[in-house]
Amino acid sequence: MAEDRDEAGLRAEVCQIGRALWQRGMVAANDGNISARLPDGTILCTPTGVSKGFLTPEMLTVVGRDGAVVRGSRRPSTEVRMHLRVYAEDPAVGAVVHAHPVHATAFAIKGEPLVGLMMPESVVAMPEVPLAPYATPSTHEVPDSVAPFVGTHTACLLEHHGALTWGPDLMMAYLAMERLEYTAQLTTIVRAIGGERGLSTDRIAEVRRIFGIAAPR
Ligand SMILES: [Zn+2]
């Protein structure tokens, strides 16, 4: 749990997650942002204008729940309000990741939510990734567009923009981004070979029963 991690450890982990996003091609140039909740409730977040592949711990900024800078010399990401809203909506969220993975962003531009019902793993971990309607960057519209999904999902696409994931800690939020992009990439490929095929309703119900997963609300 994030509560158990000290600030130095979380700073190092944010940098590792940034490196992983960059190495996997999920952020281009200075795109994307990462945040984590500190034990005192303030939020550690990546600064604006920096490649997430080359972060160092001292670059990170700490902001309060209102977005005001508490510690750090760099300006926080302009999208930090989107992160803050996710924490406000669900106290169990310990980390938020925003990226522009190529395949997922293609679906976001098309305006098509992702459906993960082609493989048992996806049925269990991420059966659907909803689409948050387009909102102008850095306005209050952006937090408003993602808020409805926070309590029921771990990820959403941002229309004409990219993707947002969250979880109890940084690794879970990051892995949600990996799974989201994998679903988008796989969907693209199976469509290209004319092979898109969901599991049958019976098979999906069986997987949900065995793994104790409730059907999506
Ligand atoms: Zn973005």
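Look up: the structure comes first, before these words.
Description of the structure in this document. (Residues numbered from 1 in each chain as written. Predicted model: local features only at pLDDT ≥ 70, side-chain atom pairs only at ≥ 80, totals over all residues. Heavy atoms only, no water.)

### What about the pattern of salt bridges?
Applying the stated rule across the entire model yields 9 salt bridges. Of the charged contacts in the structure, one is a salt bridge between Arg71 and Glu7, with a shortest N-O distance of 2.6 Å. Of this pair, Arg71 sits in strand β4 (residues 69-71) while Glu7 sits in helix α1 (residues 7-23), placing them 64 residues apart in sequence. Here Arg71 falls in the partly exposed class, since its relative accessible area comes to 35%. (Salt bridge = Lys/Arg side-chain N within 4 Å of Asp/Glu carboxyl O. Helix = DSSP H or I, 4+ residues; strand = E, 2+ residues; numbered from the N terminus. Buried < 20%, exposed > 50% of the residue type's maximum accessible area, 1.4 Å probe, protein only.)

### Overview of the packing of aromatic side chains
This structure, assessed with the given rule, holds 1 aromatic pair. Ring centres of Trp22 and Phe54 lie 4.8 Å apart, and the angle between their planes is 70°; this geometry places the pair in the edge-to-face category. Residue Trp22 is located in helix α1, and its partner Phe54 is located in the loop between β2 (43-45) and β3 (61-63); the two are separated by 32 residues in the primary sequence. A relative accessible area of 46% places Phe54 in the partly exposed class. If you follow Arg19 out to its NZ or CZ, it ends over the ring of Phe54, 4.9 Å from the centre. (Phe/Tyr/Trp six-rings, centres within 6.5 Å; stacked < 30°, edge-to-face > 60°. Lys NZ or Arg CZ within 6 Å of the ring centre and 35° of its normal.)

### Here's the deal with helix α3 (residues 102-110)
Regarding α3, the residues found buried are Ala104, Thr105, Phe107 and Ala108. Viewed end-on, α3 has its buried residues packed into an arc of 155°, placing them on one side of the element. Opposite the packed face of α3, turned more than 90 degrees from it, sit the exposed residues Val102 and Lys110. On its buried face, α3 is in contact with β6 (114-115), β8 (131-132), β9 (155-158), β10 (162-167) and α6 (170-192). Once α3 ends, the next one or two residues include Gly111, with phi positive near 85°. (Arc of directions from axis to C-beta. Contact = heavy atoms within 4.5 Å.)

### Considering the coordination of the zinc ion
Looking at the metal site, the zinc ion is ligated by His98 (NE2), His100 (NE2) and His161 (NE2), spaced 2.0 to 2.1 Å from it. Along the chain, the residues donating to the zinc ion are arranged with the sequence spacing H-x1-H-x60-H. Here His100 is found in the loop between β5 (95-99) and α3, whereas its partner His161 is found in the loop between β9 and β10, with 61 residues between them in sequence. (Donors = N, O, S within 2.8 Å, 3.2 Å for Na, K, Ca; no water.)

### Side note on the packing of α3 against α6
The interhelical angle for the contact between α3 and α6, taken along N-to-C directions, is 75°, at an axis separation of 7 Å. Taken together, the axis directions place α3 and α6 in an arrangement best described as roughly perpendicular. Between α3 and α6, the contacting residues are Val102, His103, Ala104, Phe107 and Lys110 on the first element and Leu180, Glu181, Ala184, Gln185, Thr187, Thr188 and Arg191 on the second. Classifying every residue of the contact of α3 with α6 gives 5 nonpolar, 4 polar and 3 charged. (Axes fitted to C-alpha atoms, helices over the stretch in contact; angles between N-to-C directions. Parallel < 35°, antiparallel > 145°, perpendicular 65-115°, else oblique. Nonpolar A, V, L, I, M, F, W, Y, C, P; charged D, E, K, R; others polar.)

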